[in-house]
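Descriptive structure summary
So the chains spell out like this:
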Amino acid sequence: MSLNSTTFTTRTPITADFLNAIDRGNQEQIALQRFAIPISEFRYSDGVIPVATAAAGKPGIKMGGWGVGTGYFQGENAKNATKTEYLVFDFTLPESYDDGEDVKVGVTCRYNQDGGTIDVHSVDCEVYEVTDAGAVGSDLCTTAAQAFSGTMTEYLFVVTDAGLVRGDRLRVLIKTVLSETADAGTQYAEVGGASVYADVKG
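Attention in this report is confined to the structure presented alongside it. Position labels on residues start from 1 in each chain and follow its written sequence. Only residues with pLDDT of 70 or above have their local features reported here, since the model is predicted, and side-chain atom pairs are shown and tallied only from 80 upward, although totals for entire chains, interfaces and linings are computed over all residues. Water and hydrogen atoms were dropped before computing side-chain values, which therefore reflect all heavy atoms in the structure.

The secondary structure listing takes helices from DSSP runs of H or I that are at least 4 residues long and strands from runs of E that are at least 2 residues long, numbered from the N terminus. Helices and strands together make up the secondary structure of the chain, namely one helix and 10 strands. Relative to the compact-globule value of 17 Å for 202 residues, the chain shows a C-alpha radius of gyration of 21 Å, a clear excess of over 25%. By principal-axis analysis of the C-alpha atoms, the chain measures approximately 70 × 40 × 30 Å. Classification of residues uses two cut-offs on accessible area relative to the type maximum, computed with a 1.4 Å probe and protein chains only: under 20% is buried, over 50% is exposed, and between them is partly exposed. Within the chain, the proportion of its 202 residues that are buried is 32%. The contact rule is simple, with two residues in contact once any of their heavy atoms fall within 4.5 Å. Counting only contacts in the chain whose residues sit at least 6 apart along the sequence, the fraction spanning at least 24 positions is 76%. Where accessible areas are quoted, they stem from the Shrake-Rupley method and a 1.4 Å probe; at the residue level, only the protein chains shown are allowed to cover. In the structure as shown, the chain presents an accessible area of about 11100 Å², 50% of it carried by carbon and sulfur atoms. Seen as two clouds, the 15 positive and the 27 negative side-chain charges of the chain have centres 5 Å apart. In this setup the radius of gyration rests on C-alpha atoms only. A globule is expected at 2.2 Å times the number of residues raised to 0.38. Residues scored as positive are Lys and Arg, those scored as negative are Asp and Glu, and His as well as the terminal groups of each chain are ignored. A single reference atom marks each charge: NZ on Lys, CZ on Arg, CG on Asp, CD on Glu.

Following this line, the structure appears as structure tokens:
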């Protein structure tokens, strides 16, 4: 579909009426605008606020404090065991979201290894559209679990965007699995943060 066009010359004044008449649909799309999730927005999968000490299925929140400023989640030691841990956050598609266009979730994580032999090391993601009544549909994430490394790296997960519109609320669950087989050293799954990427206009 062709759009109406206007030609401007040097120093042509652009009136407020002209600017206000530009429909969002005629504006340029910004592909996959990043929306970082504050670490304070994460919870455990049962809705409980994270605490400093990791427990079964629940990584501990590690804050560096004054003069350091770091913050991340660290799971239980996976020495001679398999540790599966979960985090969750909600995200509302912004008013600028281009309805039905691309949405992705990025999870930044790694394993922190001191000796031993790492076996399984994977991160997975589930994404649900949530109603105000608490009801959810099927998992919208189409990307399979990914193997993560010993370096903090962002792993992207594609979200089925058909039917999504601005204002929709998404519930994002993150799962890490880490195992060690030599019964030696220490090994921790660590999540540094997450972001939602969405196509926007206006």
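Within the secondary structure, Asp90 is located in strand β4 (residues 82-92). A residue is classified by how much of its surface remains accessible, and Asp90, at 32% relative accessible area, is partly exposed. Here the alpha-carbon distance between Asp90 and Arg169, two residues 79 residues apart in the chain, equals 6.8 Å. Any pair of nitrogen or oxygen atoms within 3.5 Å is treated as a polar contact; in protein, a donor-acceptor pairing is required on top of that, and neighbouring residues in sequence qualify only through side-chain atoms on both sides. Here the side chain of Asp90 touches Arg169 through a polar contact of 3.3 Å, side chain to side chain.

Time to look at the nonpolar core. Ranked by internal contacts, the top residues of the largest apolar core, which has 36 residues, are Phe89, Val103 and Val127. When contributions to this core are tallied by element, the ones reaching two or more residues are β4, β5 (103-114), β6 (118-130), β8 (153-159), β9 (169-180) and β10 (186-201). The set of buried Ala, Val, Leu, Ile, Met, Phe, Trp, Tyr and Cys residues whose side-chain atoms join them within 4.5 Å is what this entry labels a nonpolar core.

The next point concerns the packing of aromatic side chains. Each Phe, Tyr or Trp ring, with Trp reduced to its six-membered ring, pairs with another whose centre is within 6.5 Å; inter-plane angles below 30 degrees give stacked pairs, above 60 give edge-to-face pairs, and intermediate values give tilted ones. Using the criterion set out here, one finds four aromatic pairs in the structure. Here the aromatic rings of Tyr111 and Phe148 are separated by 6.1 Å at their centres, their planes lie at 50 degrees, and the arrangement is tilted. One end of the pair, Tyr111, is in strand β5; the other, Phe148, is in the loop between β7 (146-147) and β8, and 37 residues separate them in sequence. Residue classification places Tyr111 among the buried positions, given a relative accessible area of 17%. Looking at Phe148, the relative accessible area reads 1%, which means it is buried. Within the aromatic cluster, the residues linked to one another by ring pairs are Phe42, Phe73 and Phe89.

A 1.4 Å probe that fits but cannot get out identifies a cavity on a 1 Å grid over protein atoms alone, an open set with protein on both sides within 12 Å along at least five of seven lines counts as a pocket, and a residue lines either if it has an atom within 4 Å of a point. Grid points are joined across faces, edges and corners, and a volume is the space filled by probe spheres set on the points. This model, assessed by the stated rule, comprises one cavity of 30 Å³ or more. Roughly 50 Å³ of internal volume is contained in the largest cavity. As for the largest cavity, its lining consists of Pro59, Phe73, Glu85, Tyr86, Leu87, Ile174, Lys175, Thr176, Ala189 and Val191. Looking at the lining of the largest cavity, the elements with two or more residues in it are β4, β9 and β10. Its residues assigned to classes, the lining of the largest cavity shows seven nonpolar, one polar and two charged. Throughout, the ten residues Ala, Val, Leu, Ile, Met, Phe, Trp, Tyr, Cys and Pro are labelled nonpolar, Asp, Glu, Lys and Arg are labelled charged, and all others, Gly among them, are labelled polar.

Take the pairing of β6 next. Pairing between strands is defined by DSSP: at least two bridges between them are needed. The pairing of β6 with β9 spans 11 bridges and is classified as antiparallel. Bridge pairing links Glu126 to Leu173 in β9. The pairing of β6 with β7 spans two bridges and is classified as antiparallel. When the bridges of β7 are listed, Ser122 appears paired with Ala147.

It is worth spelling out unusual backbone geometry at this point. The backbone of Asn80 shows a phi angle near 55 degrees, a positive value even though the residue is not glycine. With respect to the helices and strands, Asn80 occurs in the loop between β3 (71-74) and β4. Note on Asn80: relative accessible area 46%, which makes it partly exposed.

Geometry only, nothing functional implied.
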